[in-house]
Amino acid sequence: MAPALLVLLWAMVIPRADLLPDKKSLLLPPANFTIKVIGLAQVLLRWEPNPDQEPKDVELGYHVRINAPQEDDYETRNTESKRVTVLHQGFSASVQTIPWNGHSLLASNWVSAELKAPPGSPGTSIVNLTCTTNTTLNNYNPLRPYQVSLYCTWLVGKDAPEDTQYFLYYRYGSSTEECQEYRKDTLKRNIACWFLRTFISSRGSDSLAVHANGSSKHATIKPFDQLFALHAIDRINPPLNVTAETEGTCLSIQWEKPISAFPNHCFEYEVKIYNTRKNYFQTEKMTTNTFISIIDDISKYSVQVRAAVSSVCRQMGFWSEWSQPVHVGNDDQKLSTEWFLIVLMATICFIVLIFTLICKIGHLWTRLFPPVPAPKNSIKDFFLIVSPEKTVSNETEIEVISYVEEPGLEILEDSVF
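Residues numbered from 1 in each chain as written. Predicted model: local features only at pLDDT ≥ 70, side-chain atom pairs only at ≥ 80, totals over all residues. Heavy atoms only, no water.

Visitor: What am I meant to see in the overall build of the protein here?
Guide: On a plain count of helices and strands, the protein comes out with seven helices and 22 strands. Expressed as a percentage of the 417 residues in the protein, the buried residues total 34%. A sequence separation of at least 24 residues applies to 61% of the contacts in the protein between residues at least 6 apart. A total accessible area of about 26,800 Å² is found for the protein, and carbon and sulfur atoms account for 58% of it. (Helix = DSSP H or I, 4+ residues; strand = E, 2+ residues; numbered from the N terminus. Buried < 20%, exposed > 50% of the residue type's maximum accessible area, 1.4 Å probe, protein only. Contact = heavy atoms within 4.5 Å. Areas by Shrake-Rupley, 256 points an atom, 1.4 Å probe, with all protein chains shown as cover.)

Visitor: How do you make sense of the pairing of strand 19 (residues 280-286) when you look at a structure like this?
Guide: Consecutive side chains along a regular strand alternate between the two faces of the sheet. Here strand 18 (residues 267-275) pairs with strand 19 via seven bridges, running antiparallel. Bridge pairing in strand 19 places Tyr274 opposite Phe281. (Pairing = 2+ DSSP bridges.)

Visitor: I'm lost on the state of the cysteines in this one. Help?
Guide: Put plainly, two cysteines are in a disulfide when a covalent bond ties their sulfur atoms together. Per the counting criterion, the structure on display carries three disulfides. Sulfur-sulfur distance for the disulfide between Cys131 and Cys152 comes to 2.1 Å. Residues Cys131 and Cys152 are joined by a disulfide whose S-S torsion is about 115°; by sign, that bridge is right-handed. Taken as a pair, Cys131 in strand 8 (residues 127-137) and Cys152 in strand 9 (residues 146-155) lie far apart in primary sequence, 21 residues in all. By the burial criterion, Cys131 is buried, and Cys152 matches it. The disulfide partner of Cys179 is Cys193, and the gap between their sulfur atoms is 1.8 Å. Residues Cys179 and Cys193 share a disulfide whose torsion about the S-S bond is about 115°; that sign makes it right-handed. Of this pair, Cys179 sits in the loop between strand 11 (175-178) and strand 12 (182-184) while Cys193 sits in strand 13 (residues 190-195), placing them 14 residues apart in sequence. Pair check on accessibility: Cys179 and Cys193 agree, each one buried. (Disulfide = S-S within 2.5 Å.)

Visitor: How do you make sense of the nonpolar core when you look at a structure like this?
Guide: Nonpolar side chains tend toward joint burial in soluble globular proteins. Within the largest apolar cluster, 24 residues are counted, with the highest numbers of intra-cluster contacts made by Leu129, Leu168 and Leu208. Elements with a minimum of two residues in this core: strand 8, strand 9, strand 10 (165-172), strand 13, strand 14 (208-215), strand 15 (224-228) and helix 2 (230-233). Those residues in contact with Leu168, other than ones at most four positions away along the chain, are Cys152, Trp154, Glu177, Glu178, Cys179, Tyr182, Cys193, Phe195, Val210, His211 and Ala212. Leu251, Phe267, Val305 and Ala307 belong to the second largest nonpolar core, which has 22 residues in total. (Core = buried A, V, L, I, M, F, W, Y, C linked by side-chain atoms within 4.5 Å.)

Visitor: What's the story with the environment of Ser108 in this structure? I'm lost.
Guide: As for its position among the elements, Ser108 is in the loop between strand 6 (91-99) and strand 7 (111-115). For the pair Ser108 and Leu27, spaced 81 residues apart in the sequence, the C-alpha separation amounts to 4.6 Å. With residues up to four places along the chain from it excluded, the contact list for Ser108 reads Leu27, Leu28, Pro29, Pro30, Gln96 and Thr97. Here the side chain of Ser108 touches Thr97 through a polar contact of 2.7 Å, landing on its backbone nitrogen. (Polar contact = N/O pair within 3.5 Å; in protein donor to acceptor, adjacent residues only side chain to side chain.)

Visitor: How should I be thinking about the sheet that holds strand 2 (residues 42-48) in this particular structure?
Guide: Pairing between the strands of a sheet comes from backbone hydrogen bonds, and it takes one of two forms, parallel or antiparallel. Spatially, 1-2-5 is the arrangement adopted by the three strands of the open sheet, whose pairing is antiparallel. The open sheet has two edge strands with one neighbour each: strand 1 (31-39) and strand 5 (80-84). Between one strand and the next, the sheet's axes are offset by a mean angle of 20°, whatever the strand orientation. In terms of strand pairing, strand 2 meets strand 5 through five bridges, oriented antiparallel. Across the sheet, Leu44 pairs through a bridge with Lys82, a residue of strand 5. (Axes fitted to C-alpha atoms, helices over the stretch in contact; angles between N-to-C directions.)

In structure tokens:
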């Protein structure tokens, strides 16, 4: 009886033991999880291992989940993490402890923290923020031959009071600057900013963070953040010293790389050749600084070149503006000769036409070109010559005959003889 009762109790205890959680199989969540703003559009996530975690020799990792403003997941063994993100919509994240070495232990529960969105109506923030960078020569620091300028523009928020004034900042890496040179609208509100010299690296790959806040006596102005990839806003300079020469039917074009911290091999180019006589464009793409083409020698050409940083050195961006046109060829001289001949022939034809009209109007045509005489009457001429009333010499006869041929001259003949 007693052994049977013990077996029954054992059967009842075992299932209950299986239902109990194994405290050692479930990891404990991190402790002291915090989110702190450490710069423009930059936060620091920090936590600590749970001091009650058992066993102590387990290799731990952490699963971080970004909840807002954009969802993201990643794993790390560190107990802190920096994030670059916009903050005007707030920021929240969660973290849990996970086994790092593939141990069978289960991940811990999540712990969360958040930064609330700054106050102010969204309609008071700036809108349509656009920024561009450009590289120029730095004549002030030989150790840093290139410098990057930054130009940003924006529009006033639809709900911003008329007395609103905006202020712009940028952060690149650990450097932050406030704008000192603004352009204003008719209400004297800042709507654009120019940074002549910045801390932005000409060949950098970090994101550029731009922050704009504002003030007004009538409303709380909500700040605004935006991140820019440098390759997407960098305005490349056109190539330098573009030259073009022709020799017979050979066109040779050369140029130098743009003003840029990137070396020669980082650029690709487009060459545009325009035949002004045939109104024809030819565009060629290449990675060298020279181009040779076969042309005809009776046309004039316009040559332009533009550049872009290729994917060999960074993510592909926009093309530069075209260089100033360079003109080659002999089209002008050829056309001048052709036009001279055309004008000369037209002038001659015009003079002949005018002369013809004058001749017809003044009846000069018939005077200069009298009609051909009618055929002679041989019988009448014979009787006139052998008439007994006139005894003249042969020479006189010939002369008389010639007079007879002229109508109206017979009276003059009778009076002479």
